[in-house]
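Descriptive structure summary
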Amino acid sequence: MLGLKRILNWAVFLLLLSACVNHPDVPSLFKDAKCLPAIFPDYCNVTVPCNIAPLNFMLSADEYEACVARFTMPDGQQQTYGDGVKVQIPESEWHAMLDASKGKSIKVEVWGQKEDEWLLFTPFEIHVAKEPIDDYISYRLIEPSYVAWNFMEITQRNLTSFEETQIFNNEITCTDRVKGQCINCHSYQNYKTDNMLFHVRLSNGGTVIVNDGKLSKVDMKRDYTISSGVYPAWHPTAKLIAFSTNQTRQSFYTVHPNKIEVFDLASDLILYDIKTDSVSIISNDSTLLEVYPTWSPDGKYLYYCKSVPLPEELREKDITYTYKRIQYNIYRRSFDMDTHHFGEEVLVYDAASQDKSATLPRISPDGHYLLFALGQYGCFHIRHSDSDIVCMPLDNQVSSDIDLTGLNSEGFADSYPTWSSNGHWIMTSSRRGDGNYSRVYISYFNNGKTRKAFMLPQEDPEHNTWRLKCYNRPEFMVEPVRISVNEFSKVFK
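Residues numbered from 1 in each chain as written. Predicted model: local features only at pLDDT ≥ 70, side-chain atom pairs only at ≥ 80, totals over all residues. Heavy atoms only, no water.

**Section: the overall build of the protein**
Of regular secondary structure, the protein possesses five helices and 34 strands. Compactness check: the protein gives a C-alpha radius of gyration of 24 Å against a globular reference of 23 Å for 493 residues, within 12% of the reference. Along the first, second and third principal axes, the C-alpha set of the protein runs to 75 × 60 × 50 Å. Burial statistics for the protein: of 493 residues in total, 56% are counted as buried. Counting only contacts in the protein whose residues sit at least 6 apart along the sequence, the fraction spanning at least 24 positions is 58%. (Helix = DSSP H or I, 4+ residues; strand = E, 2+ residues; numbered from the N terminus. Rg over C-alpha atoms; globule rule 2.2 N^0.38 Å. Buried < 20%, exposed > 50% of the residue type's maximum accessible area, 1.4 Å probe, protein only. Contact = heavy atoms within 4.5 Å.)

**Focus: the sheet that holds strand E13 (residues 181-189)**
Read across the open sheet, the four strands follow the order E13-E14-E15-E16; overall the sheet is antiparallel. If you trace the sheet from one side to the other, it starts and ends with E13 and strand E16 (214-218), each paired once. When the angles between neighbouring strand axes are averaged without regard to direction, this sheet yields 20 degrees. (Pairing = 2+ DSSP bridges. Axes fitted to C-alpha atoms, helices over the stretch in contact; angles between N-to-C directions.)

**Regarding the nonpolar core**
If you look at the biggest cluster of nonpolar residues, it comprises 45 residues, and the most contacted ones within it are Val48, Ile52, Phe57, Phe71, Trp94 and Val110. Core analysis: the next-biggest nonpolar cluster, separate from the first, contains 32 residues, Tyr231, Ile260, Val291 and Ile363 among them. (Core = buried A, V, L, I, M, F, W, Y, C linked by side-chain atoms within 4.5 Å.)

**A few points about the environment of Lys34**
As for its position among the elements, Lys34 is in the loop between strand E1 (31-32) and strand E2 (47-48). With residues near it in sequence (within four places) discarded, Lys34 still touches Leu120 and Thr122.

**Considering empty space enclosed by the protein**
Under the counting rule described, the total for this entry stands at one cavity of 30 Å³ or more. Of the volumes computed, that of the largest cavity is approximately 60 Å³. Glu261, Val262, Phe263, Asp264, Leu289, Ile319, Tyr323, Ile326, Tyr328, Tyr377, Gly378 and Cys379 are the residues that line the largest cavity. No other element matches strand E19 (residues 260-273), which puts four residues into the lining of the largest cavity. (1 Å grid on protein atoms, 1.4 Å probe; cavity = no way out; pocket = protein on both sides within 12 Å on 5 of 7 lines; lining within 4 Å. Points joined across faces, edges and corners; volume = space filled by probe spheres on them.)

**Quick look at the side chain of Ser283**
Inspection of the secondary structure assignment puts Ser283 in strand E20 (residues 278-283). Residue Ser283 is classed as buried on the basis of its relative accessible area of 7%. Side-chain polar atoms of Ser283 contact the side chain of Glu290, separated by 2.3 Å. With near-sequence residues (within four places) excluded, Ser283 lies in contact with Asp268, Leu269, Glu290 and Arg333. (Polar contact = N/O pair within 3.5 Å; in protein donor to acceptor, adjacent residues only side chain to side chain.)

**What to know about unusual backbone geometry**
In the segment running from Phe40 into Pro41, the intervening peptide bond is cis, with an omega of -10 degrees. With respect to the secondary-structure elements, Pro41 resides in the loop between E1 and E2. Phi at Cys185 is positive, roughly 55 degrees, even though this residue is not glycine. Structurally, the position occupied by Cys185 is in strand E13.

**Topic: the pattern of salt bridges**
Oppositely charged side chains can pair when the atoms bearing their charge come close. Scanning the entire structure with this criterion turns up 19 salt bridges. Among the salt bridges present, the one from Asp285 reaches Lys306, with a minimum N-O distance of 3.9 Å. Placement of Asp285 in the loop between E20 and strand E21 (290-295) and of Lys306 in strand E22 (residues 301-307) is noted, with a sequence separation of 21 residues between them. Judged by its relative accessible area of 26%, Asp285 is partly exposed. As a salt-bridge pair, Arg439 and Asp434 come within 3.4 Å of each other at their nearest N and O atoms. Of the residues examined, Arg439 reaches a relative accessible area of 9% and is grouped as buried. Owing to a relative accessible area of 35%, Asp434 belongs among the partly exposed residues under this scheme. Three or more residues are tied together by salt bridges with common partners; here these are Asp285, Lys306, Arg333 and Glu345. (Salt bridge = Lys/Arg side-chain N within 4 Å of Asp/Glu carboxyl O.)

**Details of the environment of Tyr231**
Locating Tyr231 in the fold gives a position in the loop between E16 and strand E17 (232-234). With 111 residues separating them along the chain, Tyr231 and Leu120 place their C-alpha atoms 50 Å apart. Once residues lying within four places of it in the same chain are set aside, the contact partners of Tyr231 are Cys185, Ala242, Phe243, Ser244, Asn246, Val291, Tyr292 and Pro293.

Okay, here's the thing in structure tokens:
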């Protein structure tokens, strides 16, 4: 009886909640706008996961007084939403619509009121893929300039809802307010959070490692390494992490659209063994730069980026004069799990021969595809407006006919590509829209083709404009980080 009573109480609560939702009538008199609605974010004709949070959107408050949207499911059921110029859908109702439309499409009709007259825009569809997306992502929130910072956080977001929680912030353990504290490069083993890490730099610096749920802070600097570990890559099965070690510098423009240039003075590759707290060299060519390691899903290969030699007349010049000539190719080495020995270097993608630079390689979970960011030069493409995401097959089991048109933007930086755990969703950090703030975009991937990318949904669509932070290094996770901010802070004491 107690269980039945709880169910009845829950049903009454849902009914009351539904009664509070604004389900307006569609206008009876209107003109045909003969164009798609200029909604923000742009969700017209996108393909979304069957478990994504509501795609709430809005019309411009400067142009319209009101908005009404009607959603029609494949079975003919309809629902309307609209409150002012915003369309905000309750999570329970939205997920019911997704369930009813899995593998099919939801038709969306939008009316906008302008100067006391209603306009009906051309209907569009939201295609609902059968494949779900990982429940969580995480990202660093940071100001777009990186010149200085007061507050920085690594945050996780539930993609099936709007729940967002902190993993860590740089206020709780910063003891030197003059230097400040930077936190970055969160990373996970196989999308799970019981083995993860992030870096803390300057005040109280070190690498925070979670090993089977146990916390520690590690200093990986050795007298034979350039620095401690920087860009990480967890081995998929072993207690091993590949890192680059870097001497990174930044230059700040005054009138250049890229605003910032980030480059390496030196960089090598190292392997950190968690069990023995030991660091070994993978590659340390003193004349070239090696960065951004990533493992194949079977752990048998390590992929990475390596610069090509500069022309002889430029090799002794300062990097502030030569950085536009530095270009990276993608290589790989075989890896023996028993001996931890790496094989000879093999060229995978020759970007420099195309007068390009390839960075941030990621292998698809099935091992068939290689994703990376491609720009004109350098290794930090999130500030290069010409950068795009590129995908190439790694074997003949898949077609070489690959099309990422739906993923990339036109004239804005697209960088940091990441695969979902099932390989059907690609996430990027993109500056499309205003060119200043990097935001999260997600695109459906199937048989080498992507669909139109959509912006990370928010409960209030205006959230995407008034949050003046960049979404940095977005990573997929199949579960949340369960260690609290306060628990993380204890390793610094």
